[in-house]
Amino acid sequence: MEAVLVVNADLGPLHRVTVQHAIRMLCRRVAEIHEAEPDQVIGVFPMPRVVRLVRYVVTRWRFGAGPAWSRAGVLRRDGGCCAYCGGPASTIDHILPRSRGGRNTWRNTTAACYGCNQRKGDLTPAEAGMPLRSEPVIPGWASLAGR
């Protein structure tokens, strides 16, 4: 079975759900059919392609500053590659060390292999003579979801 697109009350796309989930939404009257498959029905409902929510759902969180920082997120953002040597990363490294006031933020952390992380220690990349292969960025929701 195909996925059904769920749109907000203002017709902004939200996500996709299964046909069964869409039918449950119709039964609970939280959504109504916006577009349906011609000549196909499920019980009393036409086979939905697109369902529209009856009430507007606020989605500001999707368009905010991005996902919250996490160790797993940093490793995923960097593709599991060390920012210093390019090898497989198993730890994260603070560019400005925590001992010097560095915080757990997307722009201050990067993926690193154990050896590079130990070699860099409590130094900045410039002090350790270990330049970053790429600057850390704040990822978007889609990049962390693996799309």
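The shown structure was predicted, so the numbers you read here are calculated from the model rather than taken from an experiment.

Colleague: Any chance you could explain the overall build of the protein chain here in plain terms?
Modeller: When helices and strands are counted, the protein chain shows five helices and six strands. Across the protein chain, helices and strands are ordered from the amino to the carboxyl terminus as β-β-α-β-β-α-β-β-α-α-α. A globule of 147 residues ought to have a C-alpha radius of gyration of about 15 Å, yet the protein chain, at 23 Å, is considerably larger. Dimensions of the protein chain, computed from the C-alpha atoms along their principal axes, are close to 70 × 25 × 20 Å. When each of the 147 residues of the protein chain is scored for burial, the buried share is 33%. Sequence-distant contacts in the protein chain: of pairs separated by 6 or more residues, those separated by 24 or more amount to 52%. Carbon and sulfur atoms form 54% of the exposed surface of the protein chain, whose accessible area is close to 9,400 Å². Positive and negative charge centroids in the protein chain, built from 20 and 11 side chains respectively, lie 7 Å apart.

Colleague: Looking at this structure, how should I read the UniProt feature "domain: HNH nuclease" (unreviewed entry) in the protein chain?
Modeller: Annotation from UniProt places "domain: HNH nuclease" (unreviewed entry) at residues 69-118. Annotation note: span residues 69-118, helix share 24%, strand share 16%, distance between end C-alpha atoms 22 Å.

Colleague: Hey, could you run me through the pairing of strand β4 (residues 45-53) in this one?
Modeller: Walk down a regular strand and you will see the side chains alternate between the two sheet faces. Bridge count for strand β1 (residues 4-7) against β4 is three bridges, and the pairing is parallel. The partner of Val-7 across the bridge, within β4, is Arg-52.

Colleague: I tried to follow the nonpolar core on my own but got confused; where do I start?
Modeller: Across soluble globular proteins, you tend to see nonpolar side chains buried next to one another. Judged by nonpolar contacts, the single largest core of 13 residues is most densely connected at Val-4, Val-6, Val-17, Met-25, Val-51 and Leu-53. Those elements that provide at least two residues to this core are β1, β2 (13-17), α1 (19-27) and β4. At five residues, α1 tops the list of elements feeding residues into this core. In this structure Val-17 touches Ala-3, Val-4, Val-6, Ala-22 and Met-25, once residues within four positions along its chain are discounted. Counting residues in each nonpolar core, the second largest holds six residues, with Cys-82, Ala-112, Cys-113 and Cys-116 among its members.

Cut-off values and rules
Residues numbered from 1 in each chain as written. Predicted model: local features only at pLDDT ≥ 70, side-chain atom pairs only at ≥ 80, totals over all residues. Heavy atoms only, no water. Helix = DSSP H or I, 4+ residues; strand = E, 2+ residues; numbered from the N terminus. Rg over C-alpha atoms; globule rule 2.2 N^0.38 Å. Buried < 20%, exposed > 50% of the residue type's maximum accessible area, 1.4 Å probe, protein only. Contact = heavy atoms within 4.5 Å. Areas by Shrake-Rupley, 256 points an atom, 1.4 Å probe, with all protein chains shown as cover. Lys, Arg positive; Asp, Glu negative; His and termini not counted. Charge placed at Lys NZ, Arg CZ, Asp CG, Glu CD. UniProt positions renumbered as here; feature names shortened; annotations may be inferred. Pairing = 2+ DSSP bridges. Core = buried A, V, L, I, M, F, W, Y, C linked by side-chain atoms within 4.5 Å.

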